[in-house]
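# Residue-level structural notes
Each chain, written out:
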Amino acid sequence: MLSFLLSLIALVAGYFIYGSLVERVFAPDGRPTPAVAKADGVDFMVLPTWKVFMIQFLNIAGTGPIFGAIMGAWYGPVAYVWIVLGCIFAGAMHDFFSGMLSIRNGGANLPELIGKYLG
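Residues numbered from 1 in each chain as written. Predicted model: local features only at pLDDT ≥ 70, side-chain atom pairs only at ≥ 80, totals over all residues. Heavy atoms only, no water.

## Quick look at the side chain of Ser102
Basically, it comes down to this: The helix and strand labels rest on DSSP assignments: H or I over at least four residues marks a helix, E over at least two residues marks a strand, and numbering proceeds from the N terminus. For the exposure calls, accessible area comes from a 1.4 Å probe over protein chains only, and a residue counts as buried if that area is under 20% of its type's maximum, exposed if over 50%, partly exposed in between.
Relative to the helices and strands, Ser102 is located in helix 5 (residues 78-104). We classify Ser102 as buried; its relative accessible area is 17%.

Dropping the structure here:
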């Protein structure tokens, strides 16, 4: 129970501390998102906040029960720490950065961005 509470505290602290650092470094500039600028009702549409939250939550937390159990079986309790730190420093940063790149490139998806920036 103690490890769960410490991990929960780490996730909340990571959200506020590391999240504000990442936001300051990548500096969102207030431009409209492609859902607003290119709204066509099919590919680009504004979704309610609860729906966006649920999509993001399912993308991040959906694999947790599967991945966490496999990592725990392979590496033991240390995998718990790895999953928590990985969510903070890798998963959250990746999602924020890929979203910012997409906004700055007119709603391009990751394959298009990889082709543009990595050749």
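## Overview of the pattern of salt bridges
Note the cut-off: We define a salt bridge as a side-chain nitrogen of Lys or Arg found within 4 Å of a carboxyl oxygen belonging to Asp or Glu.
The final tally for this structure, using the stated rule, is 1 salt bridge. Between Asp29 and Arg31 there is a salt bridge, with the nearest N and O atoms lying 2.5 Å from each other. When its relative accessible area of 38% is taken as the criterion, Arg31 is described as partly exposed.

## Digging into the packing of aromatic side chains
When we look at a pair of aromatic rings, we describe it by the centre distance and by the angle of the planes. To keep things clear, this is the line we draw: For Phe, Tyr and Trp, where Trp contributes only its six-membered ring, two rings pair if their centres lie within 6.5 Å, and the inter-plane angle classes them as stacked under 30 degrees, edge-to-face over 60, or tilted in between.
In total, this model carries 5 aromatic pairs according to the counting rule given. With a centroid separation of 4.9 Å and an interplanar angle of 80°, the aromatic rings of Tyr15 and Phe16 are classed as edge-to-face. Exposure remark for Tyr15: the relative accessible area of 60% places this residue in the exposed category. Here Phe16 falls in the exposed class, since its relative accessible area comes to 55%.

## With respect to the confidence of the model for the protein chain
Any residue range with low pLDDT should be treated as having predicted coordinates unsuitable for detailed reading. The cut-off we apply is this: The predictor's confidence in any single residue is recorded as pLDDT, a number from 0 to 100.
Across the protein chain, the average pLDDT comes to 83, with 95% of residues at or above 70. The secondary-structure element of the protein chain with the lowest mean pLDDT is helix 4 (residues 64-75), recorded at 75, while helix 6 (residues 110-118) shows the highest, at 90.

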